[in-house]
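Structure assessment
If you want the building blocks of each chain, they are given just below.
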Amino acid sequence: MDMISPCPLCSTEHIKEIFKKNAVPYFRCLSCGFLFSGQTQNPNLDHNTLEEYEPAYIHYLEDSPEDAVNFSRMLAWIERFKPLKGLRVLDIGTGTGKLVRYLRRDSVDAYGIEPSAALYNRYLSREPFFFLTDIQGLPGVSAPQARYDAVIISDVLEHVRAPRLFFHDLGLVLNRGAVIYVCTPNADSFFARLCGKNWHYINKYHFSFFSRGTLRKVAEEHGLNELGFAHFTRFRSIGYIGQYFIDFVAKGSTLRVPDSWYQKGVALNLHDLMQIIYQYD
């Protein structure tokens with residue numbers, strides 16, 4: 001059994017390489033069960049221009065007809081646990097900021113942070129409620145008046161290389177009683193186990209692959225208690241689904257789906273994407 005570098009979640013060295021994909025090794029921690037990438041570079045931050053991203057990635061980030069439905073369903077679930085109007089809300093990994101703008105139109109005092117300079121410069125730099133930073137770089141971080149009543153971490157945790165540090169930093173910006181919404185791939189789902197290394201979430205942008213159990217463990221260690229769990233249906237355009245398959249599954253193809261496909265949406269739920277609500281006590 002190979003002994004590699006420490007597990008980024010539990011810090012033990014009891015880990016094993018389980019497969020390679022596109023020359024990148026992936027490891028399983030035999031102590032805590034965490035699955036993670038051994039990639040040394042970080043393409044999430046290394047791209048200097050949007051043109052370096054795949055077309056499917058750009059389409060996911062930019063405004064799409066299905067956004068309003070997905071956002072309204074997500075917020076309805078969050079507000080079963082804590083109404084957001086008038087509260088300070090932080091969107092971590094805000095991308096192009098479309099969720100923050102949606103929240104602000106609904107009288108939510110929302111802010112977004114984005115560590116990618118390419119995304120920030122194109123989409124966020126002209127609005128004062130966006131910051132080019134990670135959690136530690138937020139203005140007034142850990143000051144009581146700068147803390148948040150709710151945090152949204154949607155499609156972000158899989159991009160994080162140091163999850164324990166991430167959850168430590170998260171505690172710096174939370175008010176007591178804050179709710180935290182997390183959406184991330186479920187590495188213990190039936191579809192993920194069926195596909196193995198061909199699971200569509202195994203790609204160069206993703207480093208950390210949680211199960212419900214591994215996520216609960218690190219969350220509880222940092223004062224977060226699970227309030228709700230679900231596998232929600234999301235609406236995606238046929239164009240996005242097709243282009244994602246071309247870019248990340250049939251890798252190497254230069255095919256582009258017709259623009260008209262992006263106007264046709266479908267409900268998609270493979271039960272391999274988990275949504276969780278936590279409360280910071």
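Report on the accompanying structure. This one's a predicted model, so the numbers in the text were calculated from it and none came from an experiment.

**Here's the deal with the pattern of salt bridges**
Taken as a whole, this structure holds 13 salt bridges when the rule is applied. A salt bridge links Arg 104 to Asp 109; the shortest N-O distance between them is 3.8 Å. By relative accessible area, Arg 104 is classed as partly exposed at 31%. With relative accessibility at 26%, the residue Asp 109 sits in the partly exposed group. One salt bridge connects Glu 221 with Arg 164, and the closest N-O pair in it is separated by 2.8 Å.

**Observations concerning the sheet that holds strand 2 (residues 24-29)**
If you trace the four strands from one edge of the open sheet to the other, you get 1-2-3-9, paired in antiparallel fashion. A strand with exactly one partner marks an edge of an open sheet, and here the two such strands are strand 1 (15-21) and strand 9 (208-209).

**Notes on the packing of helix 3 (residues 67-78) against helix 4 (residues 98-105)**
At their nearest, the axes of helix 3 and helix 4 sit 11 Å apart, and the two run at 65° to each other. It follows from the interaxial angle that helix 3 and helix 4 lie roughly perpendicular. Here helix 3 and helix 4 pass one another in a crossing that is right-handed. Across the interface between the two elements, Asp 67, Ala 68, Phe 71, Ser 72, Met 74 and Leu 75 from helix 3 touch Lys 98, Leu 99, Tyr 102 and Leu 103 from helix 4. Looking at the contact of helix 3 with helix 4, its residues break down into seven nonpolar, one polar and two charged.

**Some details on helix 6 (residues 163-171)**
Looking at helix 6, one finds that the buried residues are Pro 163, Phe 166, Phe 167, Asp 169 and Leu 170. In an axial view of helix 6, the angular spread of the buried residues amounts to 160°, which keeps them on one side of the axis. For helix 6, the elements touching its buried residues are strand 4 (88-92), strand 7 (148-154), strand 8 (174-185), strand 9, helix 8 (212-221) and strand 10 (224-230).

**Some thoughts on the side chain of Gln 39**
In this fold, Gln 39 is placed in the loop between strand 3 (35-37) and helix 1 (43-46). Here the side chain of Gln 39 touches Lys 204 through a polar contact of 2.8 Å, landing on its backbone oxygen. With residues up to four places along the chain from it excluded, the contact list for Gln 39 reads Val 24, Pro 25, Arg 161, Lys 204 and Phe 207.

**A look at the pairing of strand 8**
With respect to burial, strand 8 is a largely interior element, 10 of its 12 residues being buried. In this structure, strand 7 lies alongside strand 8, joined through six bridges in parallel fashion. Opposite Tyr 148, over in strand 8, you have Leu 174 as the bridge partner. What joins strand 7 to strand 8 is helix 6, and the crossover it makes is right-handed. Judged from the seven bridges that link them, strand 8 and strand 13 (residues 273-280) form a sheet pairing that is antiparallel. Considered in strand 13, the bridge of Val 182 is made with Ile 276.

The rules behind each value
- Residues numbered from 1 in each chain as written.
- Predicted model: local features only at pLDDT ≥ 70, side-chain atom pairs only at ≥ 80, totals over all residues.
- Heavy atoms only, no water.
- Salt bridge = Lys/Arg side-chain N within 4 Å of Asp/Glu carboxyl O.
- Buried < 20%, exposed > 50% of the residue type's maximum accessible area, 1.4 Å probe, protein only.
- Pairing = 2+ DSSP bridges.
- Helix = DSSP H or I, 4+ residues; strand = E, 2+ residues; numbered from the N terminus.
- Axes fitted to C-alpha atoms, helices over the stretch in contact; angles between N-to-C directions.
- Parallel < 35°, antiparallel > 145°, perpendicular 65-115°, else oblique.
- Left-handed = near helix turned anticlockwise from the far one by under 90°.
- Contact = heavy atoms within 4.5 Å.
- Nonpolar A, V, L, I, M, F, W, Y, C, P; charged D, E, K, R; others polar.
- Arc of directions from axis to C-beta.
- Polar contact = N/O pair within 3.5 Å; in protein donor to acceptor, adjacent residues only side chain to side chain.
- Right-handed = clockwise from strand over helix to strand, strands pointing away.

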